[in-house]
Amino acid sequence: PGLTAGYELASNSSGEAWAPNFGFTAPVGLAFSWGYKSQIDGLRYHSDPIYRKRVERANKFGDSQFLGGHSGSLFFPLIDLGAIVLFRLDNTDEALPQDVGFQQIFSPGVLYGHGFPNVPLTLMAGVQVSPKLRTINEEKANAIRFNVSLVVDLPMANFYTKTRKRR
């Protein structure tokens with residue numbers, strides 16, 4: 001769950017309209033993640049005992065580099081529970097959808113996520129599609145969203161984790 005903002009294009013047979021949006025997001029999907037490596041900072045190594053311990057642990061694996069705590073993810077959301085309360089900022093009188101079903105929360109897309117060290121926060125950016133979420137000329141419209149989000153990263157399950165053998 002988190003906050004999101006960006007632009008969306010709503011379109012149907014009557015026409016199309018771009019508008020900024022802001023609101024909540026709660027995407028659920030599959031992510032492929034990796035850790036970023038960083039070079040060892042000699043000054044910090046001598047002054048920060050926590051940093052030194054992390055470097056020494058990485059050296060046990062025979063790396064000249066070590067994981068710095070940042071991570072990247074390629075995220076493929078399938079549903080977004082927050083999509084129904086995402087507001088278009090140019091049309092404040094549009095009511096929330098009354099007939100909410102799977103079609104309104106089904107939001108496939110692709111996003112890049114950057115995870116930060118020691119906090120469960122991820123900054124994500126990408127594109128999602130929300131079918132039949134908006135209305136143009138009193139007709140349901142599909143929306144394509146280009147958003148940036150700050151979310152709390154809550155993995156539900158790991159299908160595969162690569163581990164290294166200790167020497």
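Being a predicted model, the structure only gives us computed values, none of them experimental. (Residues numbered from 1 in each chain as written. Predicted model: local features only at pLDDT ≥ 70, side-chain atom pairs only at ≥ 80, totals over all residues. Heavy atoms only, no water.)

> Just checking my understanding: could you explain the overall build of the chain for this structure?
When you go through the chain residue by residue, the secondary structure sums to three helices and eight strands. Taken from N to C terminus, the helices and strands of the chain fall in the order β-β-β-α-α-β-β-α-β-β-β. Expressed as a percentage of the 167 residues in the chain, the buried residues total 28%. By sequence separation, contacts in the chain at least 24 residues apart represent 67% of the contacts at least 6 residues apart. Accessible surface, the chain as shown: approximately 10,800 Å² in total, 62% of it carbon and sulfur. (Helix = DSSP H or I, 4+ residues; strand = E, 2+ residues; numbered from the N terminus. Buried < 20%, exposed > 50% of the residue type's maximum accessible area, 1.4 Å probe, protein only. Contact = heavy atoms within 4.5 Å. Areas by Shrake-Rupley, 256 points an atom, 1.4 Å probe, with all protein chains shown as cover.)

> How do you make sense of the pattern of salt bridges when you look at a structure like this?
Pairing of side chains with opposite charge becomes possible as their charged atoms draw close. Tallied over the entire structure, the rule returns two salt bridges. Of the charged contacts, one joins Asp48 and Arg44 as a salt bridge, the two residues approaching to 3.6 Å between their closest N and O atoms. Under the relative-accessibility criterion, Asp48 is labelled partly exposed at 23%. (Salt bridge = Lys/Arg side-chain N within 4 Å of Asp/Glu carboxyl O.)

> Hey, could you run me through the side chain of Asp80 in this one?
As for its placement among the helices and strands, Asp80 is situated in strand β4 (residues 66–80). Looking at Asp80, the relative accessible area reads 1%, which means it is buried. Within the structure, Asp80 has its side chain in polar contact with the side chain of Thr25 (distance 2.9 Å). A polar contact is formed between the side chain of Asp80 and the backbone nitrogen of Gly82, at a distance of 3.0 Å. Those residues in contact with Asp80, other than ones at most four positions away along the chain, are Thr25, Ala26, Pro27, Ile105, Ser107, Gln128 and Arg145. (Polar contact = N/O pair within 3.5 Å; in protein donor to acceptor, adjacent residues only side chain to side chain.)

> How should I be thinking about the packing of aromatic side chains in this particular structure?
The geometry of two aromatic rings is summed up by the distance between their centres and the angle between their planes. This model, assessed by the stated rule, comprises four aromatic pairs. Relative to Phe146, the ring of Trp18 has its centre 6.0 Å away and its plane inclined at 25°; by these criteria the two rings are stacked. Taken as a pair, Trp18 in strand β2 (residues 15–25) and Phe146 in strand β8 (residues 139–152) lie far apart in primary sequence, 128 residues in all. What makes Phe146 partly exposed here is its relative accessible area of 43%. Through a chain of ring-to-ring contacts, three or more aromatic side chains come together here, namely Trp34, Tyr36 and Tyr112. Over the face of the ring belonging to Tyr45 we find Arg52, whose NZ or CZ atom lies 5.9 Å from the ring centre. (Phe/Tyr/Trp six-rings, centres within 6.5 Å; stacked < 30°, edge-to-face > 60°. Lys NZ or Arg CZ within 6 Å of the ring centre and 35° of its normal.)

> Please clarify how unusual backbone geometry should be interpreted in this entry.
Most peptide bonds adopt trans geometry, and most residues besides glycine take a negative phi value. Backbone geometry places Asn118, a non-glycine residue, at a positive phi of 65°. The residue Asn118 is located in the loop between β6 (109–115) and β7 (121–136) in this model.

> Looking at this structure, how should I read the environment of Arg145?
Note that Arg145 resides in strand β8. For Arg145, the contacting residues outside a window of four places in its chain are Tyr7, Glu8, Asn21, Asp80, Ala83, Leu86, Ser107, Gly126, Val127, Gln128, Ser130 and Leu133. Among the polar contacts listed, one links the side chain of Arg145 to the side chain of Asp80, at a separation of 3.2 Å.

> Help me understand the environment of Pro120 in this model?
Relative to the assigned elements, Pro120 resides in the loop between β6 and β7. Leaving out residues up to four positions away in the same chain, Pro120 has contacts with Val151, Val152 and Asp153.

> Help me understand the pairing of β6 in this model?
Across a regular strand the side chains alternate sides, sitting on one face of the sheet and then on the other. Inspection of the sheet shows β6 paired to β7 by seven bridges, in the antiparallel sense. Paired with Leu111 across the two strands is Gly126, which belongs to β7. The turn joining β6 and β7, which pair antiparallel and follow one another in sequence, is formed by five residues; a positive phi near 65° is taken by Asn118. (Pairing = 2+ DSSP bridges.)

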